[in-house]
Amino acid sequence: MNSLPMHLLDKILFRLDLKSLVMMQCTSRSIKSHILDDPSFEIGYSSRARLINLRFIYTFSKGAHFVFYQPFGSQCESMSHVKTFASIPGVRSYILGSCSGHLLLYTSGLYVVNPLTKRFRLLDHSGSMLLATIFNGPNNKANNTEDRAMCVGFALDQSRATTIKRFKIICILETHTTYAFEISDGNSWRFSETIITTTNSKSELTKRMKPVYFEGTLHWLRNDGSIIAFNIETEQARLIPSVFHPEPEMKLLFTLDDKINRLTLISGTKNTISVHTLMGDTSKWVLARQIENVLITDSELEYWNVVAYDGKHMVVRDKEKDSSTGVAHVYNMEDNRWGAWWPTACQAKYNLDVFRFTPFFSFFEHTELVEDSTNEHLARIMRLIDTTKRTNPVFRLMALGYDK
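Residues numbered from 1 in each chain as written. Predicted model: local features only at pLDDT ≥ 70, side-chain atom pairs only at ≥ 80, totals over all residues. Heavy atoms only, no water.

J.: Looking at this structure, I do not really get the packing of aromatic side chains. What am I missing?
T.: Aromatic ring pairs are reported here in terms of the distance separating the ring centres and the angle at which the planes meet. Per the stated rule, a full pass over the model turns up 13 aromatic pairs. Arranged with centres 6.1 Å apart and planes meeting at 55 degrees, the rings of Phe154 and Phe167 form a pair that is tilted. Here Phe167 lies in strand β10 (residues 167-175) and Phe154 lies in strand β8 (residues 152-156), a separation of 13 residues in the sequence. Taking relative accessible area as the criterion, Phe154 reaches 5% and is therefore assigned buried. A residue is classified by how much of its surface remains accessible, and Phe167, at 3% relative accessible area, is buried. (Phe/Tyr/Trp six-rings, centres within 6.5 Å; stacked < 30°, edge-to-face > 60°. Helix = DSSP H or I, 4+ residues; strand = E, 2+ residues; numbered from the N terminus. Buried < 20%, exposed > 50% of the residue type's maximum accessible area, 1.4 Å probe, protein only.)

J.: Looking at this model, I keep getting lost on the pattern of salt bridges. Mind explaining?
T.: For side chains of opposite charge, pairing can occur when their charged atoms come near one another. Per the stated rule, a full pass over the model turns up 10 salt bridges. Linking Glu235 and Lys168 is a salt bridge whose minimum nitrogen-to-oxygen distance equals 2.8 Å. Placement of the pair is Glu235 in the loop between β16 (227-231) and β17 (237-240) and Lys168 in strand β10, with a sequence separation of 67 residues. A single burial state applies to Glu235 and to Lys168, both of which are buried. A salt bridge links Arg337 to Asp335, with the shortest nitrogen-to-oxygen separation between them at 3.8 Å. Given a relative accessible area of 44%, Asp335 falls into the partly exposed group. Each of Lys168, Arg190 and Glu235 takes part in one network of salt bridges that share partners. (Salt bridge = Lys/Arg side-chain N within 4 Å of Asp/Glu carboxyl O.)

J.: Explain the state of the cysteines here, please?
T.: By definition, a disulfide links the sulfur atoms of two cysteine residues through a covalent bond. Under the defined criterion, the tally for this structure stands at zero disulfides. For Cys151, which is in no disulfide, the shortest distance to another cysteine sulfur is to Cys171 and amounts to 8.1 Å. (Disulfide = S-S within 2.5 Å.)

J.: Help me understand the sheet that holds strand β1 (residues 55-60) in this model?
T.: Pairing between the strands of a sheet comes from backbone hydrogen bonds, and it takes one of two forms, parallel or antiparallel. Ordered in space as β3-β2-β1-β26, the four strands form an open sheet in which the pairing is antiparallel. Bordering the open sheet on either side are β3 (84-87) and β26 (352-356), each of which pairs with just one other strand. Across the sheet, the mean angle separating the axes of adjacent strands is 20 degrees when strand polarity is ignored. Across four bridges, the pairing between strand β2 (residues 66-71) and β3 is antiparallel. The residue of β3 that forms the bridge with Phe68 is Phe85. Helix α7 (residues 376-384) rests against β2 and β3 of the sheet, and its axis sits at about 175 degrees to β3. (Pairing = 2+ DSSP bridges. Axes fitted to C-alpha atoms, helices over the stretch in contact; angles between N-to-C directions. Contact = heavy atoms within 4.5 Å.)

J.: Is there a simple way to think about the sheet that holds strand β21 (residues 284-292) in this case?
T.: Read from one edge of the open sheet, four strands run β18-β19-β20-β21, paired in antiparallel fashion. What marks the edges here is a single partner per strand, and that holds for β18 (251-257) and β21. Strand-to-strand twist of the sheet, defined as the mean angle between neighbouring strand axes without regard to direction, takes the value 25 degrees. Examined bridge by bridge, β18 and strand β19 (residues 262-268) share seven bridges and lie antiparallel to one another. Bridging across to β19, Phe254 finds its partner in Leu265.

J.: How should α7 be read in this particular structure?
T.: Because each turn of an α-helix spans 3.6 residues, side chains separated by three or four positions in sequence point in the same direction. All of the buried residues along α7 are Leu378, Ala379, Ile381, Met382 and Leu384. If you follow the buried residues of α7, they end up packed against β2, β3, β5 (102-106), β6 (110-114) and β7 (119-123).

J.: Even after reading the chapter, I still don't get helix α1 (residues 6-14), so can you show me in this structure?
T.: The set of residues buried in α1 consists of Leu9, Asp10, Leu13 and Phe14. All buried residues of α1 lie within an arc of 130 degrees about the axis, which places them on one face of the element. (Arc of directions from axis to C-beta.)

J.: What am I meant to see in the pairing of β7 here?
T.: Along β7, four of the five residues are buried, which leaves the element largely enclosed by surrounding structure. Where β6 meets β7, five bridges bridge the pair, whose relative direction is antiparallel. Paired with Asn114 across the strands is Arg119, a residue of β7. Here β6 folds back onto β7, and the loop between the two strands holds four residues, one of which, Lys118, carries a positive phi near 65 degrees. Sheet analysis places β7 next to strand β28 (residues 368-369), joined by two bridges and oriented antiparallel. If you follow Phe120 over to β28, its bridge partner there is Glu368.

So, in structure tokens, the structure goes:
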């Protein structure tokens, strides 16, 4: 297999599940090096995994004693019976970010975790003006998290040609028409030299709208459809002067279309759900598709919203007034039909923070292997997202080998 051209080798490896991929590393040093150290392989494998397997992790925006996980199969058929949750008694958990198989969590402390490798790193957030304000309230409870957590961005540096990755946490600080940025690489907090002043555009960041990480840059949506973009490598920021004026009561979702690699804005009304893509050459939102919103019937809904989109699937959550739980519906963009669904088991009055999650076995420096005895809360969350239960000993050996 070592004699195969690299593009043919990748075609074979991209078709393997994570269990088989780990086993392949034992067949050849060159294959192991390609899988673990080549950033292009990680990007390619992760992109294919995102398109084939739809996985979500979510909890209440205001924090909760539960974290929910919803995986789907390759056909994205109804799999409501596989939805699982982790109970975390006595501690409120918050999901602040998801990137390349890693999660940024707050649960009695700020953590970066990889559920696949079972490794975590505890971070000092006291040097962050934003995070210290949010999470250092009475009894360490969050203050106004729903409105302010969308200012937190989390990203991995995928350009580094090694399986030991680096990450950055970017907090955007908004004051009238001025935007500043505080940065952490896990060791300390500092301010970026870049400050953006938008005197000609007084729009604010869209509340409860998470940033989108795309091509090494974090993107925050503003109410007028424009975007604040921050490059994590150069640490330079810019304003993308795109324009979109939402109608009253319109539901919005800012996301990434994995199929075409474009920033995407979903807008929904009771009649139609529209998909808009950002054209890079013109910085304009262009209507790409409209879907009839058949979910909104004559029955009274207490709540509905578009919660996820990846180019192949769109997820809409709703709850009827007489129902005890909400329901999430999945629309297949290729087959043009509503198919999979699952009960969300979340009350409508609470907003959800829903994140795409694609497992991958990269590592950070200075991490620890989670054990039930040392951190029961993190251990419960990691068991929740254990997609390779029968290969845990293999991943454990890998993790021990990277005990930096």
